[in-house]
Amino acid sequence: MRRLFPVTDETAARASGGSAGEDGGGAARGALAPGGSGGFPGGDLVDREWSLAELGLAYAYPERGPGEPQPWLRANMVSTLDGAAQHDGRSQPISTATDMRIFGTLRALADVVIVGAETVRQEGYRPARARAEFAGAREAAGQGPAPAIAVISASLDLDFGLPLFTSPSVPTLILTGAAAAPDRMAAAEKAGARVVIAGDGVGVDPVRVVQALAELGHTRLLTEGGPRLLGQLVASGVLDELCLTISPMLTAGDAQRIAGGPSVAVPKRFELVSLLEEAGFLFSRYRRT
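In what follows, the accompanying structure is described. Bear in mind the structure is a predicted one, so any value in this text is a computation, not a measurement.

A closer look at empty space enclosed by the protein
Considering all chains together, one arrives at one cavity of 30 Å³ or more under this definition. Of the pockets and cavities examined, the largest cavity occupies roughly 40 Å³. Considering the residues around the largest cavity, the lining is formed by Y59, N76, I102, C243, L244, T245, F283 and S284. For the lining of the largest cavity, the secondary-structure elements that each account for two or more residues are strand 10 (241-247) and strand 12 (281-288). Take the lining of the largest cavity: its biggest share by element is three residues, from strand 10.

Details of the packing of aromatic side chains
Taken as a whole and judged by the stated rule, the model has two aromatic pairs. Their ring planes at 75 degrees and their centres at 5.1 Å tell us that F160 and F165 sit as a pair that is edge-to-face. Across the pair, F165 and F160 agree in class, each one buried. Where F281 meets F283, the ring centres are 6.5 Å apart and the plane angle is 15 degrees; that geometry is what we call stacked.

Some words on the sheet that holds strand 1 (residues 2-5)
The mixed open sheet is built from ten strands, whose spatial order is 1-11-12-10-4-9-5-6-7-8. A strand with exactly one partner marks an edge of an open sheet, and here the two such strands are strand 1 and strand 8 (194-197). Taken pair by pair, the neighbouring strands of this sheet meet at an average axis angle of 25 degrees, ignoring direction. Bridge count for strand 5 (residues 112-116) against strand 6 (residues 148-152) is five bridges, and the pairing is parallel. Across the sheet, I114 pairs through a bridge with A150, a residue of strand 6. Each of strand 4 (72-80), strand 5, strand 6, strand 9 (220-223), strand 10, strand 11 (270-278) and strand 12 touches helix 3 (residues 97-109); the most contacted strand, strand 4, lies at about 170 degrees to it. In this fold helix 8 (residues 206-215) packs onto strand 4, strand 5, strand 6, strand 7 (173-176), strand 8 and strand 9, with an angle of close to 145 degrees to the strand it touches most, strand 7.

What counts, and at which threshold
- Residues numbered from 1 in each chain as written.
- Predicted model: local features only at pLDDT ≥ 70, side-chain atom pairs only at ≥ 80, totals over all residues.
- Heavy atoms only, no water.
- 1 Å grid on protein atoms, 1.4 Å probe; cavity = no way out; pocket = protein on both sides within 12 Å on 5 of 7 lines; lining within 4 Å.
- Points joined across faces, edges and corners; volume = space filled by probe spheres on them.
- Helix = DSSP H or I, 4+ residues; strand = E, 2+ residues; numbered from the N terminus.
- Phe/Tyr/Trp six-rings, centres within 6.5 Å; stacked < 30°, edge-to-face > 60°.
- Buried < 20%, exposed > 50% of the residue type's maximum accessible area, 1.4 Å probe, protein only.
- Pairing = 2+ DSSP bridges.
- Axes fitted to C-alpha atoms, helices over the stretch in contact; angles between N-to-C directions.
- Contact = heavy atoms within 4.5 Å.

So this is what it looks like as structure tokens:
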């Protein structure tokens, strides 16, 4: 993986070295070494693999100042060159091994992973697993061994026999509205999930979702969509960061974009903070200005 745009000072300082990747999947090769072009230190491309520790530094959540911790919500999505977020209803066909390596890193840094019910159904979601490579860092940060999965659902039309509900390392959360069907809420709790009310009607209010998770101690927030959920988060103004993989593929068709729903009155402006490349895939990271 080549570093096209600075990631962090710590990662840049390691650009001339580094160890082999610590698990399977795509290799992260080639960082920009000190002393080059483009207005940034560098010029020599070092062909090497990035370790998971380096990826953890590159994608670390921002340090917060003193006082009560504030939640930080990032999204992780993948899109083709022509804007498709899926192919045949799933994101896996437009992904790559390195994209999944970053996917795993982002999960390992998060307190909770927020996902829409439709994405749970389409992608066959399973509980997040504890990763030995991040165990020490998570313990030092006061986190449990793995992030919780938080499912956003108005209807609670979910298969509570799935491993996501029957065998997670930490209980799965379901965020819904106060007017959701009582029998479905009872079924979710009977299956071992924790139901969290984050809206006055049937559905949720994205602002209250972030607040409710923060009240549970979850301030490092990650959402993996799907497009409808991400569109709601964008429209409500609660999204702080977007990690977007741009896949060098063209799919045509009528697949969804990464964010759906009504357009916002004024387009949201984000700034590029890092850009990585491997085999034509671009791994970008944008923050709200």
